[in-house]
Amino acid sequence: MLTELESALNNFIEIYHKYTQDRGNAHALYRDELKRLLEAECPQYIKKKDADTWFKELDINKDNAINFEEFLALVIKVGVASHEDFHKE
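Reading guide: rules and limits
- Residue positions are given per chain, counting from 1 as you read along its sequence in written order.
- Given that the model is predicted, a residue must reach a pLDDT of at least 70 before its local features are reported, and side-chain atom pairs must reach 80 or more before they are shown or counted; all residues, however, enter totals for whole chains, interfaces and linings.
- As a convention, hydrogens and water are excluded, and side-chain values are obtained from all of the structure's heavy atoms.
- Going along the chain from the N terminus, every DSSP run of H or I of four or more residues is numbered as a helix, and every run of E of two or more is numbered as a strand.
- Only protein chains enter the accessibility calculation, which uses a 1.4 Å probe; a residue is then buried when its area is under 20% of its type maximum, exposed when over 50%, and partly exposed in between.
- Picture the helix axis, draw a direction to every C-beta atom, and the arc is the one those directions span.
- Whether two residues are in contact is decided by their heavy atoms: any pair within 4.5 Å suffices.
- Just to be clear on terms, a salt bridge is a Lys or Arg side-chain nitrogen sitting within 4 Å of an Asp or Glu carboxyl oxygen.

Asks: Help me get a handle on the environment of lysine 35, residues and values and all.
Replies: Position of lysine 35 relative to the elements: it lies in helix α2 (residues 31-41). Given a relative accessible area of 43%, lysine 35 falls into the partly exposed group. Counting along the chain gives 19 residues from lysine 35 to tryptophan 54, while the straight-line C-alpha distance between them is 8.8 Å.

Asks: Any details on α2? Residues and values, ideally.
Replies: If you check which residues of α2 are buried, you get Glu33, Leu34, Leu37 and Leu38. Buried residues of α2, seen end-on, are gathered within an arc of 135° and therefore sit on one face of the element. On the buried face of α2, the contacting elements are α1 (4-20), α3 (43-46), α4 (51-58) and α5 (68-88).

Asks: Any chance you could break down the pattern of salt bridges for me, citing the residues and the numbers?
Replies: Two side chains with opposite charge may pair up if their charged atoms get near one another. In this structure the tally under the stated criterion is 10 salt bridges. One salt bridge in this structure joins glutamate 41 and lysine 18, with 3.5 Å as the shortest N-O distance. Here glutamate 41, found in helix α2, pairs with lysine 18, found in helix α1; they are 23 residues apart in sequence, far enough to count as distant. We note a salt bridge from aspartate 85 to lysine 48, for which the minimum N-O separation is 3.5 Å.

See below:
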């Protein structure tokens, strides 16, 4: 049986792969796929920063795709913002 944290980590992996399947490359999120992910999974955070800005910020190696490690940077940034919002209430 998985712990809550292990389940959460599996959810990040499943969400990443849910959006990478469109072009058949399970190891890359392209600009349009990232936009769809943000619109569906993080709608309140796309209001603060558009998908193109997120893409440019996350594509650290400049290969025009977001790999899983780069995606985790999004998870961390959105997580930090969510944590800050949680403490404002």
